[in-house]
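Spelled out, the chains give:
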Amino acid sequence: MRIDELPTPALLVERALLESNLDTMSAALPGTRLRPHVKAHKCSALARRQRANGHPGFTCATIRECEVLAAAGLGEDLLLANEVLDMRRLGELVRSGARVTVAVDSPETVAAAAAGGVREVLVDVNVGLLRCGCPPQKAADLADAARRAGLEVRGVMGYEGHLMLVADPADRARKTAEAMALLMSAAADVGGEVISAGGTGTYADNTWATEIQAGSYALMDTAYGAIGHPFGQALSVLGTVVSVAATHAVVDVGLKSLGMDHGLPTIADAKVRFCSDEHTTFVPRTPVRVGDRVRVLPAHVDPTVVLHERMHVVDGAEVVETWDIDMRGW
């Protein structure tokens, strides 16, 4: 199939850029130094490519992601890096042979892990994001409670997500060091071999964690692209120009096919004015016609991907593979 045969909006992935991104990150963080986060692409076929690059463990955001990876034969070492209170489905995965570790940050989540049949945990530490995570000084008590409940404490995790889009390299490095000082203090108290942290934004700065939970690097978005990391924009949403006026044009890619929490998308050689449910209004610098195809670059990859059922891997004008986005849902 050719790209111009696809119905729009359609999620496209440039094969050469994807492969380059995977190889670049694998060279920087080989083997278990990288625990790819599948929330960014929610696609077991892409996860299989990451496994082929030498990364046996995966980070997950939902139980559904864990289930799909295990069913695909990729359940060697799964980390659910979120707190959940009903872990019975995760316990089923453990009993079926998958290795599942969960994040805990309270007595309630420790109890849920024990009751659900999960055997391994990481103590989740708040390192400044103001989301989940216990205070660093409480980590040891929580680890002790987990061990009393019969759980193995593999170590700690802490996500410096508030630093991922800090543009100034020196400022980002300094703040990452401050965040990791909190995590390393907790790690010394908790014990265990795992210190899990980081993401695409801080992968090169975070030299403290034993594993980095990067995900966006594979496909990329314009928000990450703006801070200068060596990964190319592999992801775009293909649209069709459906209306042209004297002052603007409209493409059939809108809020229902784009993640918008990091701002407006980008269109080459054009100024994007605004997005509505099914449309993006833009001002082209060179004339466009009704029926022209336009590639829209999202500002945030994760919530863009999850709005689509499949992604089309392309090479030039050809669609070379189509992958289901099979980890959607919870």
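Attention here is on the structure that accompanies the text. Every value quoted in this text rests on a predicted model; they were computed, and no experiment measured them. (Residues numbered from 1 in each chain as written. Predicted model: local features only at pLDDT ≥ 70, side-chain atom pairs only at ≥ 80, totals over all residues. Heavy atoms only, no water.)

### Some points on the overall build of the chain
In terms of helices and strands, the chain carries 9 helices and 16 strands. Relative to the globule expectation of 20 Å for 330 residues, the C-alpha radius of gyration of the chain, 21 Å, shows essentially globular dimensions. In terms of overall dimensions, the chain has a C-alpha envelope of 70 × 45 × 35 Å along the principal axes. By the burial criterion, 52% of the 330 residues in the chain qualify as buried. Counting contacts in the chain only where the partners sit at least 6 residues apart, residues at least 24 apart contribute 63% of the total. Split by element, the accessible area of the chain, about 13,600 Å² in all, is 52% carbon and sulfur. Computed over 32 positive and 41 negative side-chain charges, the inter-centroid distance for the chain is 1 Å. (Helix = DSSP H or I, 4+ residues; strand = E, 2+ residues; numbered from the N terminus. Rg over C-alpha atoms; globule rule 2.2 N^0.38 Å. Buried < 20%, exposed > 50% of the residue type's maximum accessible area, 1.4 Å probe, protein only. Contact = heavy atoms within 4.5 Å. Areas by Shrake-Rupley, 256 points an atom, 1.4 Å probe, with all protein chains shown as cover. Lys, Arg positive; Asp, Glu negative; His and termini not counted. Charge placed at Lys NZ, Arg CZ, Asp CG, Glu CD.)

### Some remarks on the nonpolar core
With 91 residues, the main nonpolar core has L90, V102, V123, F282 and M311 as its most contacted residues. The biggest single contributor to this core is helix 7 (residues 169-190), with 6 residues. Non-local contacts of V102, meaning those with residues more than four positions away in its chain, are made with L80, M87, L90, A113, V118, E120, V121 and L122. I3, L12, L238 and V319 belong to the second largest nonpolar core, which has 7 residues in total. (Core = buried A, V, L, I, M, F, W, Y, C linked by side-chain atoms within 4.5 Å.)

### Section: helix 4 (residues 88-95)
Residues of helix 4 that are buried: L90, G91, L93 and V94. Buried residues of helix 4 fall within an arc of 155° about the axis and therefore sit on the same side. Relative to its buried face, helix 4 has exposed residues pointing more than 90 degrees away, namely R88 and R95. Turning to helix 4, the residues buried within the fold contact helix 3 (63-71), strand 3 (77-80), strand 4 (100-104) and helix 5 (107-116). (Arc of directions from axis to C-beta.)

### Some details on helix 6 (residues 139-148)
Residue pairs spaced three or four apart in an α-helix point in one direction, given the helix's 3.6 residues per turn. All of the buried residues along helix 6 are A139, L142, A143 and A146. Looking straight down helix 6, one finds that the buried residues subtend no more than 100° of arc, so they occupy a single side. Contacts made by the buried residues of helix 6 are with strand 4, helix 5, strand 5 (120-124), strand 6 (152-158) and helix 7. With its phi angle positive at about 90°, G150 sits one or two positions after the end of helix 6.

### Describing the packing of aromatic side chains
Taken as a whole and assessed by the stated rule, the structure comprises 2 aromatic pairs. Here the aromatic residues Y203, Y217 and F231 are joined through ring pairs into a cluster of three or more. (Phe/Tyr/Trp six-rings, centres within 6.5 Å; stacked < 30°, edge-to-face > 60°.)

### Topic: the sheet that holds strand 2 (residues 57-60)
Taken in spatial order, the 7 strands of this open sheet run 2-3-4-5-6-7-8, and their pairing is parallel. Each of the sheet's edge strands pairs with one partner strand only, and the pair in question is strand 2 and strand 8 (211-212). Note that strand 6 and strand 7 (residues 194-197) share 4 bridges and pair parallel. Opposite G158, over in strand 7, you have A197 as the bridge partner. Strands in contact with helix 6 are strand 4, strand 5 and strand 6; relative to strand 5, the strand with the most contacts, it is inclined by about 165°. (Pairing = 2+ DSSP bridges. Axes fitted to C-alpha atoms, helices over the stretch in contact; angles between N-to-C directions.)

### Here's the deal with the pattern of salt bridges
Counted by the stated rule, this structure contains 22 salt bridges. Across the pair D4 and R2 runs a salt bridge whose closest N-O atoms are separated by 3.8 Å. Here D4 falls in the partly exposed class, since its relative accessible area comes to 47%. Among the salt bridges present, the one from E318 reaches R2, with a minimum N-O distance of 3.1 Å. Remark: R2 occurs in the segment before strand 1 (10-14) and E318 occurs in strand 16 (residues 318-324); sequence separation between them is 316 residues. A relative accessible area of 37% places R2 in the partly exposed class. Ionic contacts of the salt-bridge type, sharing partners, join the residues R35, D77, R154 and E211 into one network. (Salt bridge = Lys/Arg side-chain N within 4 Å of Asp/Glu carboxyl O.)

### Side note on the side chain of R154
Looking at the secondary structure, you find R154 in strand 6. Under the relative-accessibility criterion, R154 is labelled buried at 12%.

### Notes on the packing of helix 1 (residues 15-28) against helix 2 (residues 44-52)
Running from N to C, helix 1 and helix 2 cross one another at 45°; their axes reach a closest spacing of 10 Å. Taken together, the axis directions place helix 1 and helix 2 in an arrangement best described as oblique. As for how helix 1 packs across helix 2, the hand of that crossing is right-handed. Contacts from L18, E19 and L22 of helix 1 reach helix 2 at L46, R49 and Q50. Tallied by class, the residues present in the contact of helix 1 with helix 2 amount to 3 nonpolar, 1 polar and 2 charged. (Parallel < 35°, antiparallel > 145°, perpendicular 65-115°, else oblique. Left-handed = near helix turned anticlockwise from the far one by under 90°. Nonpolar A, V, L, I, M, F, W, Y, C, P; charged D, E, K, R; others polar.)

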